[in-house]
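The primary structure of each chain is shown beneath.
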Amino acid sequence: MTQRHPTEQRYTMTDVPENSQPVQMLDFARQFAGIRKEILEAIENVCDSQRFILGPQVESFEKAAARACGVPHGVGCASGTDALWLAMAAANIGPGDAVITTPFSFFATVSAILRCGAQPLLADIDPATFNLSADAVEGVLRTHTRSKVKAVMPVHLYGQCADWDAFTALKQRHGLLLIEDAAQAFGATWDGIYAGALGDLAAFSFYPTKNLSAFGDAGLLTTPLAEFDDHARVLRAHGMRQRYYHEEVGWNSRLDSLQAAILEVKLRYLPEWNQQRRDHAARYDELFRVAGLVASSTAEGIVLPITDPRAGHVFHQYVIRAPGRDALRQYLTERKIGSEIYYPVPLHLQTSLASLGYKAGDFPASEAAAVEVLALPMYPELRDDEQQTVVDAIASFYK
Ligand SMILES: *Cc1c(COP(=O)(O)O)cnc(C)c1O
């Protein structure tokens, strides 16, 4: 397989195969069609109750979601970003403290640390899984004042849990809190334990594109510790336990009853939906192999997603490494085939985070990933013929 350089593109729209059909990155309508009646009933119940904020539906969803993760406590909140903030604030992380995380994630992973008043310290990823490397975190702990570092926040990127054996060992050696950014990983497991039950605290997002998704913004914090659960509940409601008596400065990060009611319906389908995602991932793997496109490095071909044998992956995204990634993406776009780049700019190179003091070259594995990753259409209702169309188009690009 030869790698096309972006400047060597020779194809035109006349190259588009006659039978090519558009394939969307995501199609929410297909999911809604299957559960429409139940969702509308759940919405109707909330409307009839006229209790829109932290009502019985929120309590019910918090319990159901925590149970699904096998963790004692769940606290609903306004977004995944807020769940990250709440997790750290509940653990009293603030000014003077530092939290170590990955530069290869969504922006909120780092911005939530800043919002707590703490300092984000970054460590590079494991290039195989794209997740924060515990070895790289060790390296940061060696070079920084250990006393400042309160927590490590691995991200379960694309729906695969970070190496929790390594992070548990790190916690035992250094006595740090482990906070999961599980925004992309509801239903994922490590060694049979669910995301959300692995760390001292975990944050989930129910943004509409996530595996478990609301009809708007919503989030959840989970924790095994009653003390963190209690503190998070106070913080999400203006630091108020008794009405209008504010024991500390919290915020408004309440969860709407409508979102909770919708989420509780969808939660029942999630194991099935996550299994469909895994099946699609296996099918993509197979189609790429049959097409002869697969290699162990982008010097020779496409690199398929690598799943650690201890991880129960939920394929929030199916992400390949692709030679000539940007030209490939343009080729797919011209054929109306969806794809996305998560994420094109590592966080240490974001202009708004320049004050963190990092520079290009600091995290080579993250920087290489940012140039090569491409997420392909992935959602439970994706059809076999659509996957075939995606792989055929990629094969024709590299031909
Ligand atoms: C989506 C996401 C968030 C933020 O969640 P919101 O609900 O959009 O605020 C945080 N971290 C990661 C890794 C995410 O994917």
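Residues numbered from 1 in each chain as written. Predicted model: local features only at pLDDT ≥ 70, side-chain atom pairs only at ≥ 80, totals over all residues. Heavy atoms only, no water.

**Q** Could you give an account of empty space enclosed by the protein, with specific residues and numbers?
**A** All chains considered together, the criterion is met by three cavities of 30 Å³ or more. Of the voids in this model, the largest cavity is the one considered here, and its volume is about 130 Å³. If you go around the largest cavity, you meet 16 residues; those closest to its centre are Phe28, Gln31, Arg277, Tyr379 and Pro380. Sorting the residues of the lining of the largest cavity by element identifies helix 1 (28-49) and helix 8 (257-290) as the ones contributing at least two each. The biggest single contributor to the lining of the largest cavity is helix 8, with four residues. Of the residues in the lining of the largest cavity, the class split is seven nonpolar, five polar and four charged. (1 Å grid on protein atoms, 1.4 Å probe; cavity = no way out; pocket = protein on both sides within 12 Å on 5 of 7 lines; lining within 4 Å. Points joined across faces, edges and corners; volume = space filled by probe spheres on them. Helix = DSSP H or I, 4+ residues; strand = E, 2+ residues; numbered from the N terminus. Nonpolar A, V, L, I, M, F, W, Y, C, P; charged D, E, K, R; others polar.)

**Q** Lay out the UniProt feature "modified residue: N6-(pyridoxal phosphate)lysine" (unreviewed entry) in the protein with the relevant residues and their values.
**A** As recorded in UniProt, the feature "modified residue: N6-(pyridoxal phosphate)lysine" (unreviewed entry) lies at Lys210. Relative to the helices and strands, Lys210 resides in the loop between strand 8 (201-205) and strand 9 (219-223). In this structure Lys210 comes out as buried when scored by relative accessible area, which is 16%. (UniProt positions renumbered as here; feature names shortened; annotations may be inferred. Buried < 20%, exposed > 50% of the residue type's maximum accessible area, 1.4 Å probe, protein only.)

**Q** Provide a residue-level description of the sheet that holds strand 8, including the pertinent values.
**A** The strand order across the open sheet built from seven strands is 1-9-8-5-4-2-3, with neighbouring strands paired in mixed fashion. Two strands bound the open sheet, and with one partner strand each, they are strand 1 (73-77) and strand 3 (119-122). Within this sheet the neighbouring strands show an average axis-to-axis angle of 25°, counted without direction. Where helix 2 (residues 56-69) meets the sheet, its contacts fall on strand 1, strand 8 and strand 9, and the angle it forms with strand 1 comes to roughly 130°. (Pairing = 2+ DSSP bridges. Axes fitted to C-alpha atoms, helices over the stretch in contact; angles between N-to-C directions. Contact = heavy atoms within 4.5 Å.)

**Q** Summarise the pattern of salt bridges; cite the residues concerned and give the values.
**A** The full count for this structure, using the stated rule, is 25 salt bridges. Between Arg310 and Asp163 there is a salt bridge, and its shortest N-O distance comes to 3.7 Å. Highlighted residues: Arg310 in the loop between helix 8 and strand 12 (311-312) and Asp163 in the loop between strand 4 (149-153) and helix 6 (164-174), separated in sequence by 147 residues. Taking the relative accessible area as the measure of exposure, Arg310 reaches 31% and is therefore partly exposed. Given the relative accessible area of 28%, Asp163 is considered partly exposed. Of the charged contacts, one joins Arg233 and Asp229 as a salt bridge, the two residues approaching to 3.2 Å between their closest N and O atoms. Here the residue Arg233 and the residue Asp229 both occupy positions in helix 7 (residues 226-235), the gap between them amounting to four residues, near one helical turn. Look at the salt bridges and you will find they share partners, linking Asp27, Arg30, Arg383, Asp385 and Glu386 into a network. (Salt bridge = Lys/Arg side-chain N within 4 Å of Asp/Glu carboxyl O.)

**Q** Describe the domain arrangement of the protein, naming the residues involved and giving the relevant values.
**A** Assigned domains within the protein: domain 1 (8-26 + 270-398) and domain 2 (31-267). Computed over C-alpha atoms, the centres of domain 1 and domain 2 are 26 Å apart. Where domain 1 abuts domain 2, roughly 3,400 Å² becomes buried across the two surfaces, and 62% of that area is made up of carbon and sulfur atoms. For the pair domain 1 and domain 2, the interface holds two salt bridges. Summed over the shared surface of domain 1 and domain 2, the result is 22 residue pairs in polar contact (both at pLDDT 80 or more). Here the side of domain 1 that touches domain 2 is built from residues that sort into 22 nonpolar, nine polar and five charged. (Domains from an automatic or database assignment. Buried area = accessible area lost by both parts, 1.4 Å probe. Polar contact = N/O pair within 3.5 Å; in protein donor to acceptor, adjacent residues only side chain to side chain.)

**Q** Describe the packing of helix 5 (residues 134-143) against helix 6, and please don't skip the residues or the numbers.
**A** Following both chains from N to C, one finds helix 5 and helix 6 inclined at 25°, their axes separated by 9 Å at the closest point. The orientation of helix 5 with respect to helix 6, classified from their angle, is roughly parallel. Contact with helix 5, carried on its side by Ala134, Val137, Glu138 and Leu141, involves Ala166, Phe167, Leu170, Arg173 and His174 of helix 6 and no other residues of that element. Looking at the contact of helix 5 with helix 6 residue by residue, the classes come out as six nonpolar, one polar and two charged. (Parallel < 35°, antiparallel > 145°, perpendicular 65-115°, else oblique.)

**Q** Run through the UniProt feature "active site" (unreviewed entry) in the protein, naming residues and quoting values.
**A** Under the UniProt annotation, "active site" (unreviewed entry) lies at Lys210. If we ignore the near neighbours within four places in the chain, the residues touching Lys210 are Ala183, Gln184, Ser205 and His316.

**Q** How would you explain the packing of aromatic side chains if you had to name every residue and give the values?
**A** By convention here, two paired aromatic rings are described through the distance between centres and the angle between planes. In this structure the tally under the stated criterion is 16 aromatic pairs. Each ring, one from Phe106 and one from Tyr343, has its centre 6.3 Å from the other, and the planes form 40°; the classification is tilted. One end of the pair, Phe106, is in the loop between strand 2 (98-101) and helix 4 (108-115); the other, Tyr343, is in the loop between helix 9 (325-334) and helix 10 (364-372), with 237 residues separating them in the sequence. Using a relative accessible area of 47% as the deciding quantity, one classes Phe106 as partly exposed. Put simply, the rings of Phe61, Phe186, Phe204 and Phe206 pair up and form one aromatic cluster. One Lys or Arg, Arg115, reaches over the ring of Trp85 and ends 4.3 Å from the middle of that ring. (Phe/Tyr/Trp six-rings, centres within 6.5 Å; stacked < 30°, edge-to-face > 60°. Lys NZ or Arg CZ within 6 Å of the ring centre and 35° of its normal.)

**Q** Outline the sheet that holds strand 6 (residues 189-190), supporting the account with residue identities and numerical values.
**A** Taken together, three strands build an open sheet; the order of strands is 7-6-12 and the sheet is antiparallel. The sheet is open, and its two edges are formed by strand 7 (193-194) and strand 12, each paired on a single side. Sheet analysis places strand 6 next to strand 12, joined by two bridges and oriented antiparallel. Bridging across to strand 12, Trp190 finds its partner in Ala311.

**Q** Please provide a residue-by-residue account of the site of the ligand, values included.
**A** By nearness alone, 16 residues border the ligand, and Gly80, Thr81, Asp181, Ser205 and Lys210 come closest of all. Interatomic distance of 2.8 Å between a backbone N/O atom of Gly80 and an oxygen atom of the ligand. At 2.8 Å from an oxygen atom of the ligand is found a side-chain nitrogen or oxygen belonging to Gln184. In isolation the ligand offers 380 Å² of accessible surface; the protein chains occlude 93% of this area. Taking a 2 Å distance to the grid points as the criterion, the majority of the atoms of the ligand fall inside the largest pocket. Among the secondary structure elements, those contributing two or more residues to the shell around the ligand are helix 3 (80-90) and helix 4. (Near = heavy atom within 4 Å. Areas by Shrake-Rupley, 256 points an atom, 1.4 Å probe, with all protein chains shown as cover. Sits in = over half its atoms within 2 Å of the grid points.)

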